Amino acid sequence: MALLLASAPASGGTSKLWGAAGEAWTPTSRLPDYSHAGYHGGEAPLPEVPVVVNVTDFGAVGDGMTDDTDAFAAAIAAAENGAVFIPAGRYVITDVLRISKSNVVLRGEGSGPDGSVLFVSKSLADIYGPSRSWSWSGAFIELRPSQEVIATTATAVMTAASRGDTSLTVASTTGLAEGQLVELHQVDDGSGSLGRHLHNDQAEAGDCPYMVPLNLDSPLRIRSIDGGVVTFTQPLRTDVSLTWSPELQTHEVVEEVGVEHLRIEFIAVPYAGHLKEPGYNAITFTAVADGWVRDVTIVDADSGIFTGSYVKGLTLQEIALEGRQGHHGIALSYSADILVRDFNIANAWTHSLTVSARASGNVFSRGTGAEVLVLDHHGDSPFENLFTQLSAYTFVGSGGEDCTGPHGGARNTYWNLAAPMDVPLLWGHVQSNVVGEGLIVSDALTEEAQWYETVSALEPANLYEAQTSLRLCGELSSACDLGVYEPDTASCSVAPRPRGTACDDGDPDTDGDACSEGVCAGTSSWWCSYSPAAPGRGSSPLVLGLLLALSAAAASRRRGASSQWAVLSFEHEGRKKA
């Protein structure tokens, strides 16, 4: 035991916004709650749905020469409640493939060159004609309802609420049900107050024609209904004011859809240039909830993955972008609570990762890039988005029209990115949270404006995972251990508390002790005991020695990965368009 403790790596520092295990944080603080991002809010792993059709049964050949588009379309149309299987091969695609019904998954046999390759030999301009819009919309795999999505009013909201509340009082609950997805719709009253609220009342929103009056649609899942009170599965991200005519709306939505284990290659042509893209775009989502893209490689695209209106609860994981330069790598607009994790961007993009158009609650986690990642904040009030554990990055390259207002709204958070950490100076006054090692500016821990906090070897290394652990695994906590969320399985296990955190086991002889890699270190010779996980919510009891070894190894990996990231510097190029 003494040898294990002596060899344990030194502990890192903690942020005043969080503490060691969330004790300094509340869901209503300036550090938002990001734990609801991803498929089913992180409460379920991505499913492995059964195969129900095979594209080869509908005539697909996969020889790299035959046009397989019609066979794919027929297979997708025939699929019900399962996966459309694409065996390894090279399939020529010349038109858009659409998934417009729930519970249908497009599944290949691998994202490598020898896996299931969709070779797209045309652009959207070739199919539909030239349009400037192909620079920011449209794709060859389209997941959305078959008809135009139109939201309709379900009921008016009768009372005001505050950010962090979980319930609203409504005029009627007719047509509403537990588990239903609704939109909390608010519209500015002409005073600009809604836009200012999205910037913590410290900046005006934009005044582009499509932003006046400003609308805000916040997708929420109903947990329960009691009389006229509707309670949701997550806290509100904004206040609700009766001056903004709040109401709950419903609309058609496609759920439980995915694209996985595929490689999408476009024809090898030179990049056409910024805002001249003909539309070699891979995947787009509109009005989709609880879907995913998993293990997908995209090569030589103008844009990789787009999300649009009424999108909530996606997980985009193990995404690889390769080939020539492109416009948007992964762009989230009008979307909420999307988790982008474990991705690698090997090529250059005008905008690597984009948040825009009131996107909120989205998380970019554990991402790397061969080029410096451009964290594009594209204007029109993207707020409360999280970037955590990313490799070298820059904010230069953030785009958007001048009329869209500040690049970012309130409480966007940058946690433990590659050092030295750049900061979003162009919109720092609207409550940006920047926490990590080697900030390029002096610390500024303001209450209402920027929060720039230098912390070496920051713990927790990943804010999303720490918050999800606190929400879903809190019942596993004990004197010396705590519950840890496992993203791959959406389950909880037990791990030692960080060194130095309170570790009182109730023994008067050890009262007030602190943890040393999960062990109560102090006046007593007795060590803390480890309690088993709660039934059905975690692992079986773990022996102390194994916990210590796992903790030391995990801490070493986290610090090692952080130190390996390289940083390149960019001169400021000024604001770019689109």
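For the structure itself, consult the block above.
Please read these numbers as outputs of a predicted model, since none were measured by experiment.

Scoring rules and cut-offs
- Residues numbered from 1 in each chain as written.
- Predicted model: local features only at pLDDT ≥ 70, side-chain atom pairs only at ≥ 80, totals over all residues.
- Heavy atoms only, no water.
- Disulfide = S-S within 2.5 Å.
- Helix = DSSP H or I, 4+ residues; strand = E, 2+ residues; numbered from the N terminus.
- Buried < 20%, exposed > 50% of the residue type's maximum accessible area, 1.4 Å probe, protein only.
- 1 Å grid on protein atoms, 1.4 Å probe; cavity = no way out; pocket = protein on both sides within 12 Å on 5 of 7 lines; lining within 4 Å.
- Points joined across faces, edges and corners; volume = space filled by probe spheres on them.
- Nonpolar A, V, L, I, M, F, W, Y, C, P; charged D, E, K, R; others polar.
- Polar contact = N/O pair within 3.5 Å; in protein donor to acceptor, adjacent residues only side chain to side chain.
- Contact = heavy atoms within 4.5 Å.
- Arc of directions from axis to C-beta.
- Phe/Tyr/Trp six-rings, centres within 6.5 Å; stacked < 30°, edge-to-face > 60°.
- Core = buried A, V, L, I, M, F, W, Y, C linked by side-chain atoms within 4.5 Å.

Asker: Describe the state of the cysteines, and please don't skip the residues or the numbers.
Answerer: Disulfides are covalent bonds that connect the sulfur atoms of two cysteines. Counting across every chain of the model gives 2 disulfides. In this model C208 forms its disulfide with C403; the gap between the sulfur atoms is 1.8 Å. Because the sign of the S-S torsion sets the handedness, a value of about 95° for the bond joining C208 and C403 places this disulfide among the right-handed ones. In this pair, C208 sits in the loop between α4 (193-197) and β12 (215-226) while C403 sits in the loop between β30 (393-394) and β31 (413-415), placing the two residues 195 residues apart along the sequence. The disulfide that involves C473 links it to C492, with 2.0 Å between the sulfurs. Judged by the sign of its S-S torsion, about -75°, the bond between C473 and C492 is left-handed. Note that C473 is positioned in helix α5 (residues 463-473) and C492 in strand β36 (residues 491-496), a separation of 19 residues in sequence. Each of the two residues, C473 as well as C492, counts as buried.

Asker: Account for unusual backbone geometry, with residues named and values stated.
Answerer: Backbone geometry follows two general trends: most residues other than glycine have a negative phi, and most peptide bonds adopt the trans configuration. Each neighbour pair has its own omega, and for V212 with P213 the value is -5°, a cis peptide bond. If you trace the backbone, P213 turns up in the loop between α4 and β12. At the junction of A419 and P420, the peptide bond is cis and its omega measures out at -5° in the coordinates. Tracing the sequence through the fold places P420 in the loop between β31 and β32 (433-436). Phi is positive for D290, close to 55°, though the residue is something other than glycine. If you trace the backbone, D290 turns up in the loop between β18 (288-289) and β19 (292-299). By relative accessible area, D290 is classed as buried at 6%.

Asker: Tell me what's going on with empty space enclosed by the protein, and back it up with residues and numbers.
Answerer: For the structure on display, the rule yields 4 cavities of 30 Å³ or more. Taken as a whole, the largest cavity holds about 80 Å³ of empty space. P27, D33, H36, R163, Q234, P235, L236, R237 and E384 together form the lining of the largest cavity. By residue class, the composition of the lining of the largest cavity is 3 nonpolar, 2 polar and 4 charged.

Asker: Now, about the side chain of D380: what can you tell me, with residues and values included?
Answerer: Along the polypeptide, D380 turns up in the loop between β28 (373-377) and β29 (386-390). Reaching out from D380, the side chain makes a polar contact with the side chain of R358 at a distance of 2.7 Å. For D380, the contacting residues outside a window of four places in its chain are Y210, M211, L214, Y334, A357, R358, T404 and P406.

Asker: Tell me what's going on with helix α2 (residues 69-78), and back it up with residues and numbers.
Answerer: Listed in full, the buried residues belonging to α2 are T69, A71, F72, A75 and I76. Looking straight down α2, one finds its buried side chains confined to an arc of 165°; they lie on one side. Exposed residues on α2 whose side chains face more than 90 degrees from its buried face are D70 and A77.

Asker: Explain the packing of aromatic side chains residue by residue, including any values.
Answerer: Two aromatic rings, taken as a pair, are described by how far apart their centres are and by the angle between their planes. By the definition in use, this model includes 11 aromatic pairs. Plain terms: the ring middles of F140 and F266 are 6.2 Å apart, the flat faces sit at 65° to each other, and that makes the pair edge-to-face. Of the two residues, F140 is situated in the loop between α3 (124-128) and β8 (141-143) and F266 in strand β16 (residues 258-266); the sequence distance between them amounts to 126 residues. Summarising the burial analysis for this pair, F140 and F266 share the class buried. Members of the aromatic cluster, joined through ring pairs, are F364, F387, Y393, F395 and Y414.

Asker: So what about the nonpolar core? Which residues, and what values?
Answerer: In this structure, I283, F285 and L316 are the most contacted members of the largest nonpolar core, which totals 73 residues. If near-sequence neighbours (up to four positions away) are discounted, L316 is found in contact with F285, V293, I305, I330, I338, L339, V340 and R341. W25, L31, V363 and W415 belong to the second-largest nonpolar core, a separate cluster that totals 24 residues.

By themselves these figures say nothing about function.
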